[in-house]
Structure formats: C-alpha cells, structure tokens
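Structural overview
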Amino acid sequence: MRAALLAATTSAVLLTPVPVGATGASAAPTVRCPRVPAPAASRPPRPSPPPAVPEQRMIGGAALDTAGLVVPAGVAAPPRVTATSWLVADLDSGQVLGGCGPHEYGTPASVQKLLLAATMLPRLDPKQTVTVTDADMNIEPGSSAVGLVAGGRYTIETIWLGLLLNSGNEAANALARLGSGTDSAAGVRAMNEHAHHLGALQTHAVTASGLDGKGQFTSAYDLALIARACFAEPAFRRYALTEQTSIPAQPAQRTKGFEIQNENQLIYRYPGALGGKTGFTDLARHTYVGAAERGGRRLVVTLLGAESAPVRGWQQGAALLDWGFTLPRDAAVGRLVEPGELTATPSAAPSVLAAPGAPRPAAASGPARTSSEWLWSVTAVSGATVVALLGGLLWRRRRRMP
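Residues numbered from 1 in each chain as written. Predicted model: local features only at pLDDT ≥ 70, side-chain atom pairs only at ≥ 80, totals over all residues. Heavy atoms only, no water.

For the rest of this paragraph, the subject is the confidence of the model for the chain. Where the model shows low pLDDT, its predicted coordinates should not be examined in detail. Per-chain confidence: the chain averages 83 in pLDDT, with 79% of residues scoring 70 or above. Across residues 1–26, confidence stays below pLDDT 50; counting only partners more than four residues off in sequence or on other chains, it has 76 contacts. Low pLDDT (under 50) marks residues 346–402, which in the prediction has 174 contacts with non-local residues, meaning those over four places away or in another chain. (pLDDT = per-residue confidence, 0-100. Contact = heavy atoms within 4.5 Å.)

Trp160, Tyr221 and Phe236 are the most contacted members of the largest nonpolar core, which has 68 residues in total. For this core, the element with the most residues is helix α6 (residues 220–231), which contributes ten residues. Filtering out sequence-adjacent residues up to four positions away, Tyr221 remains in contact with Ile59, Gly60, Leu64, Leu87, Val96, Pro102, His103, Arg335, Leu336 and Val337. With 26 residues, the next largest nonpolar core counts Val71, Val88, Ala273 and Phe325 among its residues. (Core = buried A, V, L, I, M, F, W, Y, C linked by side-chain atoms within 4.5 Å. Buried < 20%, exposed > 50% of the residue type's maximum accessible area, 1.4 Å probe, protein only. Helix = DSSP H or I, 4+ residues; strand = E, 2+ residues; numbered from the N terminus.)

A few words on the state of the cysteines. Within this structure, the stated rule accounts for one disulfide. The disulfide bridge from Cys33 ends at Cys100, spanning 2.0 Å between sulfur atoms. Its S-S torsion of approximately 105 degrees makes the covalent link between Cys33 and Cys100 right-handed. Within this pair, whereas Cys33 is found in the loop between β1 (4–5) and α1 (54–57), its partner Cys100 is found in strand β4 (residues 95–100), the two being separated by 67 residues in sequence. Judged by its relative accessible area of 11%, Cys33 falls in the buried class. Classification of Cys100 as buried rests on a relative accessible area of 0%. (Disulfide = S-S within 2.5 Å.)

Time to look at the environment of Ala273. Among the secondary structure elements, Ala273 is positioned in strand β9 (residues 273–281). Overall, Ala273 belongs to the buried group, its relative accessible area being 11%. Sequence spacing of Ala273 and Gly290 is 17 residues, and the spatial spacing of their C-alpha atoms is 7.9 Å. Ignoring anything within four residues of it in the chain, the contact list for Ala273 reads Leu241, Leu266, Ile267, Ala291 and Ala292.

To continue, consider helix α2 (residues 113–120). Summarising burial for α2: eight of the eight residues are buried, a large majority. Considered for burial, the residues of α2 that qualify are Lys113, Leu114, Leu115, Leu116, Ala117, Ala118, Thr119 and Met120.

In structure tokens form, the structure reads like this:
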C-alpha cells in the first residue's frame, strides 16, 4: 500500500447542520432513518463489507459520517422508505440535501450499469456497428437480458439502449469489452479506475452488469457521484428518457426484430423526470437511481437495499425527490466532490470536507485514470482550524464470484 500526504490550507467552514449521528470527534446520538415496515424477504446472507475507512466516510462533509439520518436543520422530515440507505443531491450545484447512511456499504445490483455508462460512453462511437461474441453472452441463467444474440450485428447505440432500458447483462459485457478494447474483465478494471477518479472510493465493481460478485460494493453517496457524471453526458440523458426502441432482426442467426420498453417507471409517471436506473438481485434487493427537474432545479436520488412493498423502489425515489424539491435552494448537509478532486496534486487539491460552495455545473465525465493504483487524500475540518490527515488507499479486490 502506498500513501500520499496532503497538507492543504483552507478556511474552516462548519457545515449546516451540526453533524447528526456522526461517528467522529463531534459525534452525536445517531438519528434513526424514517423507515416503513416491509414484509420479510428471503435473501442470501449479506456479505461482509470491507473495513470502514474513517476518511472515506467524511468525503463530502463531516456531517455525512453517520449510519443514520442527516438533514438540514429545521426542514420537514423526509418520507419513510424501506431502503437501508439513500441520498438526495443537486445535480448542478453538487449540494447534498440529505441522506440516510450515505457512506454505508451496499450491494449495487444493476445500478452498477451507471458506472459502466460513466466510464465507457465517452470512449465509444454510438454509430459504430459491432458484433456480439459468445463471451458477451456469458451471463447468469435467468438474469436480465435484452435479447442480443452471439454473432449478431448491432450499433453501439442499440446496445446502450438495451443496457439502460432493459438492463441487459449481455449488453453490459459487450460494452465493457468494447470500451476496454480487450475483454469485459479489462472493462471492469477501467470502471474501478473511473470510480476512483470520480471520488467514489467506496465503490468496487466485480461484474460489469451488477450481477452479484464477491467484494462488490458501493454507497448511496458514490452512486450520486456516478449518476452526476452520467447526466453530464448528452447521450446518456437521451437514452435515459427513451421510452422504447427496436432491436433489429439478425437474419444470419434467424432471429426476428422486437421492441423493448424502458423499465424505469419514473419517466412515465413523474413530471419532470430525467431518467435513471433500476436494479434488483436477491442479495442487493431493490436499488434505484432517479433524477428529475422542477423549477429549473435538477435533483438526483439514490437508494440501496429497498423492498418493493409497500411501494416499489422508483416510488420511494419519487417520494424522496418530492421532499428534496421542498427544501430551500441553499439547504445542504454536504457536497458531491468533483471528478479528480481526490486525486489532484497536493498543491491543487481543495479540502473535501469544506462546506458547500457556490453552485457549479454538473460534473463532466472525464477520462479513466490509467494507473493501476489509486492514491487519494482528504483533509479533516475541526472547528476553525485545519488538520492535515495522512490518507492512502490501494483497492485491488478484483475477485471473482465464487
């Protein structure tokens, strides 16, 4: 393991509110997240997450270091949901409006396809026609597939639509392979490198599709960083709002063409919806990312570990978006870090624990880092003084599902 020393001098500005349920030096009693009872579900044993890294739990602000609820002081209580963790943020300013266990580890399921999109969209020409391989079709039997066939010829745009509308796992394998230039395993490595470039240090992908794999985790905060990068891409915004498309016939494989529909009900039922992604596995349960615009304000919601009763994941996301839109524009408990901020040179890196600043445009999806190691550093704010922390991380859990 290698470590980097960051000694930045910035003005210490305390977040609003005082951290609720934090676990750091100014820890307060954890406020339980408002949850609605859900029916018991049969699920595999939850995997043990990696050991907690205190500096990672404070990325975006010290108030985010909590397993419980964190919201601005004096605002209405958020709605009760079944999700085990969630976060609401402003896509444009990067302000975090509130959350429940924002840095708690969770299993992503198919919302991991957003990390694939953030990584590979800038690398691939949507007009290019490519051939699906036998290796692309190597997915778990019975798992989500769009209906591509080995040997079939499709435009990359068609494969993206199959990924984002119908959550095709074979589409994920194909895009990871094509984007890396070698194979899907190399694509997953690129995804992990890009996650760290975005500041999503609690995210580790094992599969391109989000199918469960040993050591695969993310957090509600990380998903917001990833979603912000996706929505900065015009192609993604167009794909995410596409209601239906055609998958062309493949005469050589004797398959007919067919129509697919967008599975994200938010785009049909929520005024101002911008799109997002659904996810489900027996292990992860329901996961969801959704975004909407209202009054010139764009918000994103991320949630992990939800049950579909009494309401589905997208409906829980919609309720949290409704809540977020009621908050004043300057209400915040933290912020989304910018791409490259945590891997910037020490002389250029700002404090990741600073209070939210002036609104910034949505983060652009930058190129993936090429190093096989990811160095990161953060600074912790205490009162009106700045304390330099030694931070370093090398994450090489590239383990396969047993």
